[in-house]
Amino acid sequence: MTIRPEPRPQYQTNAGAIYQPGAVRPLFEDRRARMVGDTLVINISERTQAAKKASSSADRTQEITTGVPKISGMPFKSAQGIDISAKGENKFAGKGASSADNNFTGTITVTVIEVLPNGNLLVSGEKKVAINQGDEFIRFSGVVNPTQVTASNTVSSTQVADARIEYRASGYIDDAQVMGWLGRFFLSFLPL
């Protein structure tokens, strides 16, 4: 998830001079991430809302009426003059609705793992928090445009391209919320 910065080349020490060739950051520059191994703070502020509704209906009615005319000399004289009718009706109505409302906020510090040829920064990081008997993992990766990094070396997650945010938890509380394998097996055959 992270990468070590490349070792700096060894230069001869310059005794007493202000300019040191081994120091790559200019004197009056903000400490913004721009090289492999630099850290960057991501302010996670993700909110997604989605709603979907569907409704469909179909109605079909069919009615057929026919009669057998009286014709002399025809067999089955008892069936002559009978009216035959048939009626059929089909109705279908279906409705469905789905909605989602997600909100994820937090802060994570990531590391620049690659500087792309156009100057964009490929970042990645992970945070693990252990609370009582459970662990929580937050993983983040994406591509950051260095012009969107603020002077305090932060960037909003909404400004990160190809962002991948992952939040997982493990522990007995999370295990209790998962259906057992036998229950999942029978649910696949008996959905109702």
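Below: a short report on this structure. Bear in mind the structure is a predicted one, so any value in this text is a computation, not a measurement. (Residues numbered from 1 in each chain as written. Predicted model: local features only at pLDDT ≥ 70, side-chain atom pairs only at ≥ 80, totals over all residues. Heavy atoms only, no water.)

### Section: the overall build of the protein
Put simply, the test is: Strands are runs of DSSP state E lasting at least two residues, helices are runs of H or I lasting at least four, and both sets are numbered from the N terminus onward. For every residue, the accessible area (1.4 Å probe, protein chains only) is compared with the maximum for its type, and the residue is labelled buried under 20%, exposed over 50%, or partly exposed between those bounds. When checking whether two residues touch, look at their non-hydrogen atoms; a contact exists if any pair is within 4.5 Å. For the area figures, the Shrake-Rupley method with a 1.4 Å probe applies, and any residue is considered shielded solely by the protein chains shown.
Looking only at helices and strands, the protein has two helices and six strands in total. When the elements of the protein are put in sequence order from the N terminus, they spell out β-β-β-β-β-β-α-α. Classification of the 192 residues of the protein by burial places 16% in the buried group. Sequence separation of at least 24 residues holds for 60% of the intrachain contacts in the protein that already meet a minimum separation of 6. Carbon together with sulfur atoms contributes 54% to the accessible area of the protein, which is approximately 15200 Å² in total.

### Considering the packing of aromatic side chains
Selection criterion: Under the pairing criterion, centres of Phe, Tyr and Trp rings, with the six-membered ring standing for Trp, must be within 6.5 Å; the plane angle then separates stacked pairs below 30 degrees from edge-to-face pairs above 60, leaving the rest tilted.
All told, the structure shown has one aromatic pair when counted by the stated rule. Ring plane angle 65° and centroid distance 6.0 Å describe the contact between F104 and Y167, whose orientation is recorded as edge-to-face. Of this pair, F104 sits in strand β2 (residues 83–115) while Y167 is found in strand β6 (residues 161–171), placing the two residues 63 residues apart along the sequence.

### Some details on unusual backbone geometry
In the Ramachandran plot, N153 falls in the positive-phi region, its phi being about 60° despite a non-glycine side chain. Secondary-structure assignment places N153 in the loop between β4 (134–144) and β5 (154–156). You can call N153 buried: its relative accessible area is 11%.

### Structural notes on the pairing of β2
Within a regular beta strand, the side chains point alternately toward one face of the sheet and then the other, so they alternate between its two faces. To keep it simple, the criterion reads: Strand pairing is assigned whenever DSSP identifies at least 2 bridges connecting the two strands.
Of the strand pairs in this sheet, β2 and strand β3 (residues 121–131) are connected by four bridges, and their pairing is antiparallel. Each residue of the ladder has a partner; that of V115, found in β3, is L121. Between the antiparallel neighbours β2 and β3 lie five residues, among them G119 with a positive phi of about 100°.

### Some details on the side chain of N153
So the rule is basically this: Between N or O atoms, a polar contact is any pair within 3.5 Å; within protein, one atom must be a potential hydrogen donor and the other a potential acceptor, and residues adjacent in sequence are included only when both atoms are from side chains.
At a separation of 2.9 Å, a polar atom in the side chain of N153 contacts the main-chain amide nitrogen of A33. Beyond its immediate sequence surroundings of up to four residues, N153 is in contact with R31, R32, A33, T39, L40 and V41.

### Considerations on the nonpolar core
The condition is simple: Buried Ala, Val, Leu, Ile, Met, Phe, Trp, Tyr and Cys residues that are joined via side-chain atoms within 4.5 Å together make up what is termed a nonpolar core.
L40, I42, I108, V110, V123, F140 and V144 are the most contacted members of the largest nonpolar core, which has 15 residues in total. Those elements giving two or more residues to this core turn out to be β1 (39–67), β2, β3 and β4. Those residues within four positions of V123 in sequence are excluded, and the remaining contacts are L40, V110, T111, V112, I113, F140, S141, G142 and V144.

In short, the description is geometric, and any link to function would need to be established separately.
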